[in-house]
Each structure stands twice: as C-alpha cells, then as structure tokens.
Amino acid sequence: ARLILFATLHIPGPTVLSGCAIIVRGQPRGGPPPERQINLSNVRAGALARRAAQSQPDTKDIPDEPWAFPAREFLRKKIIGKEVCFNVENKTPQGREYGMVYLGKDTSGENIAESLVAEGLATVRREGIRGNNPEQARLCDLEDQAKAARKGMWSEGSGSHTIRELKYSIENPRNFVDAMHQKPVNAIIEHVRDGSVVRALLLPDHYLVTVMLSGVKCPTFKREADGSETPESFAAEAKFFTESRLLQRDVQIILESCPNQVILGTILHPNGNITELLLKEGFARCVDWSMAVYTQGAEKLRAAERAAKERKVRIWKDYVAPTANLDQKDRQFVAKVMQVVNADSIIVKLNSGEYKPIHLSSIRPPRIEGEEKNKDKDKRFRPLYDIPYMFEAREFLRKKLIGKKVNVTVDYIRPATTGGETGNFPERTCATVTIGGINIAEALVSKGLATVIRYRQDDDQRSSHYDELLAAEARAIKNGKGLHSKKEIPIHRVADISGETQKAKQFLPFLQRAGRSEAVVEHVFSGSRLKLYMPKETCLITFLLAGIECPRTSRITASGSQVAEPFSEEATLFTKELVLQREVEVEVESMDKAGNFIGWLHVDGMNLSVALVDGALSKVHFTAERSSYNKTLQSVSPRLLGREAGRGRIWANYEEKPTEEVAALLSEEKERVAKYRAVFVTEITDELHFYAQDVETGAQLENLMETMRAEIAAQPPVEGSYVPRRGDYCIAKFADGDWYRARVDKIESHPSKIHVFYIDYGNKEVLSSTRLAPLPPAFSHKTLAAQAHEYAFAYILVPQDEDARADVVDCLVKDIHNSQCLLNVEYGTGSGCPYVTLQFNDSKDDVGLSLVKEGMVMVEVRKEKHLQKMVTEYLNSQESAKSARLNIWRYGDFRADDADEFGYSR
C-alpha cells in the first residue's frame, strides 16, 4: 500500500518507542484524521528512556540506550511536519506494520531508514536479509560504510555521552519557575494532553515538565470510572489543533507562574503564539485565575476570544452577546454626569434629555459586614459616612465626573431580581465609563476605593476591561491603598443639624461671620430648598435660598397632603442640573424657626436665586429689598415679562404694567478695585506667604523701636528673671544684638527652647529664655499694633513639590525681600490672610504674574466674574510658559492625572 500522509513522530505516553517508528496522519476532513504507526523495516534504533510505572513501586526508571536520543532527534528534525510516503512490506498478526518511508510525495525521495543507517544511528537486522533484495543489500552497504567512517554508534567509546539524565519531577516547582525569571527556555513538546496542556522537554537540562497555557482553557477529556476517557465538545479538535502545530516542534516556553504545583506558561513558536490561535479559532476560552500571570498582553487574548465569539465558531457556536439586543447607539454613547448615586453608580443625562442610571461594570463599592453595621444600634446608620472609604470613593467620582461629559460603553444588562438572598434590584445597565481616556472604574480600584467582582468562568456579563481591573486591584493590594491599607480606617464624624433648632442657633453666628463659606450640595428638595455639606465645619445643614419665592413641590404635612404648585418640578430640575453635588459658596443671613438656614448660594460665580428668577422659575420675594442683591434681582425680573407665554413659565398669565425699561443689567459682582499701596516686604515663608509693613506707618515703628531700645539700655533686664508663657508678648534679642517686639508661640519641654514670632517683621526664631524679657507696657501692641501683616499671592497655586516650592521662595527672596513694593488686596477667604497682587516699586510689573511667565508656578482659576480679566491674563502667561517648557513645564503638562489615577507615582 502506498499513501501520501503528514507524518509526526509518535509521542510516547505509557510506552516509549524507538527512533525507528513513526506515527502518520492523513489530511483532516471533518475532524482529526486517524493515526497509523509505521515501523521502519530491517533496521533498529536504540530504545528511549522509560519512566517506572507509578503503580509499581518496585520498578525502576529505564534510561536511554546509547545513541537512542540522537537517532530520535535526527528522525524528528528530518520529517516532523513534512509530507512523506511509505510502503507497507509486512504486517504482523498483532497488527504492527513494517515498511519503508520516503521523504516527499513518492519513492524517489530520501529513504529515511537508509539515512539513519548511513549516519550510524541505526543497525541493520541482517538475520532476515535476502540477498536478492537490492534495498536490503544497500542497507548493509551503508552500515559497512558507517562502520568504516566510525559514524554515530560505530565511533570510539561506549556512547554514554548520548544518554540523557532525564528529570521526571521537580522538588520545588515554584522555586524552579521563579529561577527562570520569565525568560524564554528552549524546549521540545513531547506530548499534548489536551489543547491547552502539554508535556515539554526543557533544554539543555532535560527536565520533563507539564505546562498549562496561561490565561486559557480548552475542552478536556473526562476520565470515567472504568478508565475510559470521554471528550468534551471540541476537545479532540482542540488537541489535534495543538498537536499539528507544536508536537515535537522546537519551541520556546516562558514559565510564568506555579500556583498549586501547576506550571503555567506561554509557548512561543516562530509561526505564532498558540494561545492566541486557540482563542481566535474558538478552541479555548479565557480564564481569569491564570490570565493575571500572562506576560504577552492579556488584552490580545480577550480580543482573540471576542473575535471568535463574534464569528460564533466552535465552542462559541451558540454564543449570544450580553448586549446583542441593544442598538449601536444604545451600546456606546456620550452623556453628561448629573449625579453620583454610589461609589459604583451614577446618573447621566443623554443628548435626548433623558436621565439614565449607569452602574460601573464588575466593581463593588466599599461595604460593611453585618456585625459591624449592627454594632451600635442606637446610632442611625449612614452608609456614606459610616462605611469605611465610601465617602472617599464618592468624593473621587464627584470631583472627577459631576457636570462632565463621559464616554459610556455598555458591557451588559443585569436583569432585575426579586427576593432571595440578593434582595430586590431593578434592571441595571452596567458599563465602562471613561473620561479623557481614563477608565473611572479602574481608577477607583487602583486607589483602593472599590474591589473587583469575581465571576463564574462561564459568566460573560463582565467589564470589557476586566483584566485591567484585576491588574489595578493587584497594584492597590501591593501598595496598601484604601481598602487594602493596614493603616487606621478614616472616620467621618459629620453632624446633621438639619431641623435641630438649638444646634442651628448656636451655629448661626459662626456662619454669619464667616461670609462666604464653601459647601457641597448633597440633595435638592425643591428649587429653593437644599441640603448642604459644609466640609470645613463637617456638618450637614438645610439651606433655603433668600430673596425669592419658588413654586412648592408636593408634600405631606400634619394637615394632609399638599399638591405641587405649577412649575415646581421644572424649578427642582433646574436647580439639580445647576448645583447638585457641586462645590458652591454660601452666604448665610438668617435662619427660620425650623432650624433651616437662609442665604445666598453661588455656583461658578452665578447667584442661584438670580438664575431661578432669570429662568422664570421663581419670583422676587419682598425680603430681598434689604439685600445687596436686590438690584440684580429686580433688574432680571421685569425682563421676563416681554417674553412669549410659552417661555414665560410662572409669568405666562402676568399682565404687564408700564415700567421704566432697565438700560443695562447690573452685575451681582462689583468691579475689581485696584488700590495699590506701598509696603515693605520683611519675610517670605516656605508656604509662599509673605509678611509686609505698611510704609505709611514705618516712621512710627522706627520711633517706637528707637525709644524702646534706649529705655532698655538705660535699665537692662535681669537675665533669667522672665518666665515665658505661650501667647505672651515680650521682647527678644535677635542675632544682631538688638531687642525686638515678639510673641511666644511655643515652649518646648526643655526650658531653653522658646519659639517666638517677631510681630513687626514676620520672622520666627527659637531662643533660650535668657534672651527674652518682659515687654514694657509703653511699647505694647496696644500702643502700636503689630506691623508685620501676612499675605498670600492671588491667582497662583503653591507648588506641592518641595524642590519646586523652594525654587520659588529663593526667587522671591532675591527679588522682593527687604524691598519696597506696591500691594493690592484682590480677595479674601475668611481665614484672615488676604490674597493680594504685588508690583515691583520701580517697573510696576506684577510679581505673581512674573512667576507664572517664568514657569515657576501654576495659575489658580478663580470663578468670580469681576476677576476674570486678571485670571485670563495669568492663564495666557501660563500657556506661554508651558509652550516654552519653562521650569515646572520642562517635561510637558504634568497635570495629566493618568499615572496617579492608576496607582503609579512619578
């Protein structure tokens, strides 16, 4: 019989054949082709090593016969994967077939048996030779020639150097894998158990190891009780796919990990990566537990699996995508974030105006166990503040997303659940949300503010970036971030004084004195009623907008339910879209009898009361007459009356009365006032604040100091007689030997270390008590107030980097220290330190603007309308410095937060 087949060497399982036997297979037609073993006629090669049977402890491993492995290797490299033809000359009663094998399509090709004999790698069976057979006679001649040339086994020596020291087991597989450092190792694939598990011979040390492909799993063969194997669907096809490409091929293997004594690795062949090919052809699926150790790019494996799913090939023939029922416009869209509901849930506004809740795919927000939750039953449980890291997670999302447009890619729809252990949940749209190329879920996980959900292997309802989430979580755990930190859990003690009349009364004077206070809008009850979180005061208050009368929403009172007034829903929605979960500034004027604070709320430089009136969703209340914003409210309100009824809302049925038309709308903000005065800069702090004296009062200070020093010289203080106390005003002897007015700021345990602050110059010093003395009453701060006034630079941000900040301080010391400048107060923050601009006395150039132009600092963007001209000038200078890559911009725009969001630090 003559067949043209593809040949592969037999890969020994329980029996190991010699180098003179091969396994041949035909072309696959509708499945893996059958195997056929052919033994070479009239020749014999040495037997390969065989491991002792594990079930027979008395047996021993049998080593290679001399020259057996070289013969096998010669034959492997000669014919593996190549087309051969063969003649079957004899078939034994046991079914063994003997014949001649030729390389190529016919018998004119190279005779494999002759090549083995000619190289001295096989002997001729002369006992069965017939003299009239020319092929057998040629084998004898070739053997004689090999003997004469001392080739192979006919060379001098016993051939012991050709015997391998096979290592069938490894004592510590984990250490063995770690010692490889994930470097490629040369290997020969000796056996394919299934599509994703192989037995490999590692070279040159001859370790026989079982390697499972990282990141994937193929269908397997299940062993039954009687010892037989039942293949799963496509198991045989997957095995043949791997065999036909890797079996007895020279490859490189990257040993990547060894969990539970299982060696995971990636097999690299010159023609490609078998892991990716198995996925692409639908023979394998991705597995999460080993995907994390895959070194060649997990995203490639996911992409290959995704391609197979889309084509519905082999194991995916019945696959239905989680979003198969969604239109393309519903799968991927751009939307504006309106609210952060939870650490994994947001509400977005679509282009159509519809509001849609979105859950972040495959992550779980911080949570608390039942026992912890019930530990203090008397205390009302507030998840946002009582669950560790829930507040931090919510704040991260709020600051990143509120009011911003994001890209939403729907990954799956989680169906509604009723009852059971999981409780009742509506249908949830789970998606990957990105902004500026940053995956928000990944950023949350990398900061330790959320964890990744683990799924069943066959559950495809997961994030399309699931591997990145797992990698981010691994980094967070390694770096001890957030939920994975071993540090003390942050505690948020937030007092809710909403409706607490007595507490509100105590708090009112403080808020009134503070002027504008920072706040975050936590909830919008109606167009003019809100709940605010005051971060500095760490409390929650109910806040009512002053000066307006807004339509009331429906509510239930003691006297029954009240129906909503017209346009109340529109007013509520208007306020939500403007301020919900945004940072605002509030001015508290008074409070009502229920403990609710009344005042003005500003967002992005806009007065919300004015905005509601301007939007025809509120009327001006008579109480606005005593407010500084009354003119603005009155000037806005009449402008609405001439609008068409369709847009007039609450003014639709208003009958206009003759009024004097307002020529121009008065701004709620006053114009920037530039009143520069001369000051003398005496001290610059490391925080970039500076102290300055008013030049106008400089003569008074000089006279006071001159008189004080003369009196001290006439009556020197007794050394050591003064016992300093914190807060005392005293006199201190400076390094120049003169006495100056000072204040005791701190006393260390050792009496010789007293921290003092020189009230007329702003510098600080640590002295011994012997260099201090009581301040004579005639020269106290009541006679002449402290002359050193603290200021901060307006419109600029203090660099966080210590080196960059030190450079700015050095620059300022060089330019303005101990020199006269011109100062103008731009704005304040209620902290007592005014923010100012400073001009050089001679050139009138802005000092802060000069720092921005030189790329030393960044600009702080202020939202007040009357400051916008200055802010624009500063921003333009910043862009010029950035373009020129000056100083802090020398590496480009470092403000991009990708690295920090994903757990890296620069």
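Residues numbered from 1 in each chain as written. Predicted model: local features only at pLDDT ≥ 70, side-chain atom pairs only at ≥ 80, totals over all residues. Heavy atoms only, no water.

Q: Mind showing me how you'd approach the confidence of the model for the protein chain here?
A: Any segment with low pLDDT has predicted coordinates that should not be analysed in fine detail. Chain-level statistics for the protein chain give a pLDDT mean of 84 and a share of 88% at 70 or above. Throughout residues 1-17 the model reports pLDDT below 50, and contacts reaching past four residues in sequence, or to other chains, amount to 62 contacts. For the stretch residues 641-647, pLDDT sits under 50, and the model shows 6 contacts to residues farther than four places along the chain or on other chains. (pLDDT = per-residue confidence, 0-100. Contact = heavy atoms within 4.5 Å.)

Q: Mind showing me how you'd approach the pairing of strand β2 (residues 21-25) here?
A: Consecutive residues of a regular strand have side chains that alternate between opposite faces of the sheet. Counted residue by residue, β2 has 5 buried out of 5 residues, so it is predominantly covered. The alternating pattern of β2 places Ala21, Ile23 and Arg25 on one face and Ile22 and Val24 on the opposite face, and all of these are buried. (Buried < 20%, exposed > 50% of the residue type's maximum accessible area, 1.4 Å probe, protein only. Helix = DSSP H or I, 4+ residues; strand = E, 2+ residues; numbered from the N terminus.)

Q: Could you clarify how one ought to interpret a negative patch on the surface in this entry?
A: Taken together, the side chains of Asp801, Glu802, Asp803, Asp807 and Asp810 present a region of like negative charge at the surface. Relative to the elements of secondary structure, glutamate 802 occurs in helix α21 (residues 802-816). Residue class for glutamate 802 comes out exposed when judged on its relative accessible area of 60%. (Patch = residues over 30% accessible without salt bridge, like charges linked within 9 Å, V, L, I, M, F, W, Y side chains within 5 Å. Areas by Shrake-Rupley, 256 points an atom, 1.4 Å probe, with all protein chains shown as cover. Salt bridge = Lys/Arg side-chain N within 4 Å of Asp/Glu carboxyl O. Lys, Arg positive; Asp, Glu negative; His and termini not counted. Charge placed at Lys NZ, Arg CZ, Asp CG, Glu CD.)

Q: Would you mind showing me how to read the packing of aromatic side chains here?
A: Centre distance and the angle of the planes are the two values used to describe a pair of aromatic rings. Considering all chains together, one arrives at 20 aromatic pairs under this definition. Considering the side-chain rings of phenylalanine 690 and tyrosine 791, the 5.6 Å spacing of their centres and the 35 degrees angle between planes classify their relative orientation as tilted. Of this pair, phenylalanine 690 sits in strand β38 (residues 689-694) while tyrosine 791 sits in strand β44 (residues 789-793), placing them 101 residues apart in sequence. The burial state of phenylalanine 690 is the same as that of tyrosine 791; both residues are buried. When the centroid spacing of 5.3 Å and the interplanar angle of 10 degrees are considered together, the rings of tyrosine 827 and tyrosine 835 count as stacked. A connected cluster of aromatic rings, assembled from ring pairs, spans Phe734, Tyr740, Tyr758 and Tyr761. The ring centre of phenylalanine 241 lies 3.7 Å from the NZ or CZ of arginine 245, which sits over that ring. The ring of tyrosine 740 is capped by arginine 709, whose NZ or CZ atom sits 4.5 Å from the centre of that ring. (Phe/Tyr/Trp six-rings, centres within 6.5 Å; stacked < 30°, edge-to-face > 60°. Lys NZ or Arg CZ within 6 Å of the ring centre and 35° of its normal.)

Q: Help me understand the side chain of serine 485, please; the structure alone is not making it clear to me.
A: Residue position: serine 485 is located in the loop between α14 (466-479) and β26 (495-496). Side-chain polar atoms of serine 485 contact the backbone nitrogen of lysine 487, separated by 3.0 Å. Those residues within four positions of serine 485 in sequence are excluded, and the remaining contacts are Tyr389 and Gly480. (Polar contact = N/O pair within 3.5 Å; in protein donor to acceptor, adjacent residues only side chain to side chain.)

Q: Explanation requested: the environment of glutamate 224 in the structure shown.
A: Position of glutamate 224 among the secondary structure elements: in the loop between β12 (221-223) and β13 (229-231). Residue class for glutamate 224 comes out partly exposed when judged on its relative accessible area of 35%. A polar contact is formed between the side chain of glutamate 224 and the side chain of threonine 230, at a distance of 2.8 Å.

Q: Would you explain the pattern of salt bridges in this entry?
A: Pairing between side chains of opposite charge can happen when the charged atoms of each approach one another. The final tally for this structure, using the stated rule, is 36 salt bridges. For glutamate 65, the salt bridge goes to arginine 44, with nearest N and O atoms at 3.4 Å. One end of the pair, glutamate 65, is in the loop between β4 (43-44) and α1 (68-79); the other, arginine 44, is in strand β4, with 21 residues separating them in the sequence. By relative accessible area, which is 30% here, glutamate 65 ends up partly exposed. Its relative accessible area of 35% is what places arginine 44 among the partly exposed residues. The partner of lysine 78 in a salt bridge is glutamate 110, with the nearest N and O atoms 3.1 Å apart. In this pair, lysine 78 sits in helix α1 while glutamate 110 sits in the loop between β6 (97-103) and α2 (112-118), placing the two residues 32 residues apart along the sequence. Residue lysine 78 is classed as partly exposed on the basis of its relative accessible area of 21%. Judged by relative accessible area, glutamate 110 falls into the partly exposed class, the value being 31%. One continuous salt-bridge network, built from bridges that share partners, spans Asp288, Arg302, Glu305, Lys309, Arg462 and Asp467.

Q: I keep staring at the nonpolar core and nothing clicks. Help me out?
A: It is characteristic of soluble globular proteins that their nonpolar side chains tend to be buried jointly. Ranked by internal contacts, the top residues of the largest apolar core, which has 49 residues, are Ile346, Ile358, Ile363, Leu401 and Leu444. Among the elements that take part in this core, helix α12 (residues 390-401) stands out by supplying 6 residues, more than any other. When near neighbours in sequence (up to four residues on either side) are disregarded, isoleucine 346 contacts Val337, Gln339, Val340, Val341, Lys356, Pro357, Ile358, Leu401 and Val433. (Core = buried A, V, L, I, M, F, W, Y, C linked by side-chain atoms within 4.5 Å.)

Q: I'm lost on the side chain of serine 446 in this one. Help?
A: Note that serine 446 resides in helix α13 (residues 440-446). Within polar-contact distance, the side chain of serine 446 engages the backbone oxygen of alanine 443 at 2.8 Å.

Q: Would you mind showing me how to read the sheet that holds strand β41 (residues 754-758) here?
A: Pairing between the strands of a sheet comes from backbone hydrogen bonds, and it takes one of two forms, parallel or antiparallel. Spatial strand order, β42-β41-β40-β39-β43: 5 strands in an open sheet with antiparallel pairing. The outermost strands of the open sheet, each flanked by one partner alone, are β42 (764-767) and β43 (772-774). On average, adjacent strands in this sheet sit at an angle of 45 degrees to one another, irrespective of strand direction. In the sheet, β41 pairs with β42 via 4 bridges, with the strands oriented antiparallel. Note on β42: the bridge partner recorded for phenylalanine 757 is lysine 764. Sheet strands touched by helix α20 (residues 698-714): β39 (729-733) and β40 (739-747). Its angle to β40, the strand with the most contacts, is close to 85 degrees. (Pairing = 2+ DSSP bridges. Axes fitted to C-alpha atoms, helices over the stretch in contact; angles between N-to-C directions.)

Q: I'm lost on unusual backbone geometry in this one. Help?
A: Note: most residues except glycine have negative phi, and most peptide bonds are trans. For the peptide bond that leads from leucine 203 to proline 204, omega is 5 degrees, which places it in the cis range. Tracing the sequence through the fold places proline 204 in the loop between β9 (197-202) and β10 (207-213). Phi at glutamine 182 takes a positive value of approximately 55 degrees, unusual for a residue other than glycine. The topology assignment puts glutamine 182 in the loop between α4 (173-180) and β8 (185-194). Backbone geometry places asparagine 260, a non-glycine residue, at a positive phi of 55 degrees. With respect to the secondary-structure elements, asparagine 260 resides in the loop between β14 (250-257) and β15 (263-269). With relative accessibility at 71%, the residue asparagine 260 sits in the exposed group.

Q: I tried to follow the sheet that holds strand β37 (residues 677-684) on my own but got confused; where do I start?
A: Read around the closed barrel, the 5 strands follow the order β37-β38-β44-β47-β46; overall the barrel is mixed. Neighbouring strand axes in the sheet, compared pairwise and without regard to direction, differ in orientation by 60 degrees on average. Summarising the sheet, β37 and β38 pair through 5 bridges and their orientation is antiparallel. By the bridge assignment for β38, valine 681 is matched with alanine 692.

Q: Explain the pairing of β10 here, please?
A: Relative to β10, β9 is paired through 6 bridges, and the arrangement is antiparallel. Of the residues in β10, the one forming a bridge with valine 197 is methionine 212. The antiparallel hairpin formed by β9 and β10 contains 4 residues in its connecting segment, where histidine 206 sits at a positive phi of about 60 degrees.

Q: Before we go on, may I ask you to explain helix α15 (residues 501-514) in this structure?
A: The periodicity of an α-helix, 3.6 residues per turn, causes residues three or four places apart in sequence to face the same way. An ideal rise of 1.5 Å per residue puts 20 Å on 14 residues; α15 measures up with 20 Å between its terminal C-alpha atoms. Along α15, the sharpest change in direction is near 35 degrees and occurs at phenylalanine 507; proline proline 509 comes one to four residues later. Looking at α15, one finds that the buried residues are Ala504, Phe507, Leu508 and Leu511. Phi for glycine 515, located one or two positions after α15, is positive at around 70 degrees. (Expected span 1.5 Å × (residues − 1). Bend = angle between axes of the 7 residues up to and from the residue.)

Q: Would you explain helix α16 (residues 568-579) in this entry?
A: Taking 1.5 Å per residue as the helical rise, α16 with its 12 residues ought to reach 16 Å, and the 16 Å between its terminal C-alpha atoms agrees with that figure. All of the buried residues in α16 are Ser568, Ala571, Thr572, Thr575 and Val579. The buried side chains of α16 occupy one side of the element, clustering within an arc of 100 degrees when seen end-on. Positioned one or two residues after α16, glutamine 581 has a phi angle of 60 degrees, which is positive. (Arc of directions from axis to C-beta.)

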